[in-house]
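Given next are the chains, with one letter for each unit.
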Amino acid sequence: MSIGIFSTAYLPSLHYVSALIKFPAVELEQWEHYQKQTIRNRCHILSANGIQPLRIPVKNEGKLKIFTKDIKISYEEPWQRMHWSALESAYNKSAFFEFYRDNFEKIIFSNKTFLLDLNMELLQLILKILSAGIKINVTNDYEKKYAENDFRSLSDAKTTADSNYQSCVSNLQYPQVFSYKSAFIPNLSIVDLIFNVGNLSSTYLI
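Below, the structure is looked at part by part. From a predicted model like this one, the values you see are computed outputs, not experimental measurements.

### Concerning the pairing of strand β2 (residues 25-29)
At step 1: Taking burial as the measure, the five residues of β2 include five buried ones, the bulk of the element.
At step 2: Burial along β2 is two-sided: Ala25, Glu27 and Glu29 and Val26 and Leu28, pointing in opposite directions, are all buried.
At step 3: Note: strand β1 (residues 3-7) against β2, five bridges, orientation parallel. Among the inter-strand pairings, isoleucine 3 is bridged to a residue of β2, identified as alanine 25.
At step 4: Between the parallel elements β1 and β2, the chain passes through helix α1 (residues 14-20) in a crossover that is right-handed.
At step 5: Pairing geometry for β2 and strand β7 (residues 135-138), over four bridges, is parallel. Along β7, the bridge assignment pairs valine 26 with isoleucine 136.

Right under this line is the structure:
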């Protein structure tokens with residue numbers, strides 16, 4: 001059985017999800033040394049003022065190198081309230097925000113200890129919405145390089161085009177809330193697609 005290897009990601013991008021749903025099963029890398037300022041704890045949504053980054057603060061616990069599986073979420077700042085306020089402001093007028101909001105809100109405010117657990121539960125929700133029956137596991141150990149199906153390279157949340165991911169999506173466009181005031185913005189968080197087109201989301205992920 002073909003298995004894709006991915007880094008964990010917070011409300012991952014369209015390119016990430018489009019690549020992931022091509023596999024019947026995937027493994028999320030948990031044994032890498034955690035990389036800061038990446039998709040592991042960041043995503044981008046579209047607000048009235050343009051692209052808005054959302055970042056989950058994490059605890060470094062004074063360690064120079066720490067496995068991704070051991071990264072703990074920090075609650076010293078009210079990031080959950082800030083993220084949810086940003087999502088509401090950006091998508092409360094979208095066609096499907098009211099339909100899915102409770103499910104996302106419940107997970108975001110679930111006070112998970114570990115980042116990997118939060119990302120996993122959000123990803124499972126996303127795949128359920130997309131009706132994608134994919135088996136999700138975590139890696140058993142660290143492999144520096146896989147012969148194929150290694151999608152861990154997209155580590156910079158600011159990157160909007162990566163060869164591994166770009167190849168999975170061709171000219172993907174869909175209605176966005178603020179399309180009346182700006183050109184289409186590609187490769188935002190998957191929630192931008194879900195809140196705008198709902199149960200048709202999977203048809204856009206070619």
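Now that the structure has been shown, we can carry on.
### Considering unusual backbone geometry
At step 1: Non-glycine residue leucine 11 carries a positive phi angle of around 40°.
At step 2: Counting through the fold element by element, leucine 11 comes out in the loop between β1 and α1.
At step 3: Leucine 11 sits in the buried class, given a relative accessible area of 2%.
At step 4: We note that glutamine 37 has phi near 55°; this positive angle belongs to a residue other than glycine.

So, how was this worked out
- Residues numbered from 1 in each chain as written.
- Predicted model: local features only at pLDDT ≥ 70, side-chain atom pairs only at ≥ 80, totals over all residues.
- Heavy atoms only, no water.
- Buried < 20%, exposed > 50% of the residue type's maximum accessible area, 1.4 Å probe, protein only.
- Helix = DSSP H or I, 4+ residues; strand = E, 2+ residues; numbered from the N terminus.
- Pairing = 2+ DSSP bridges.
- Right-handed = clockwise from strand over helix to strand, strands pointing away.

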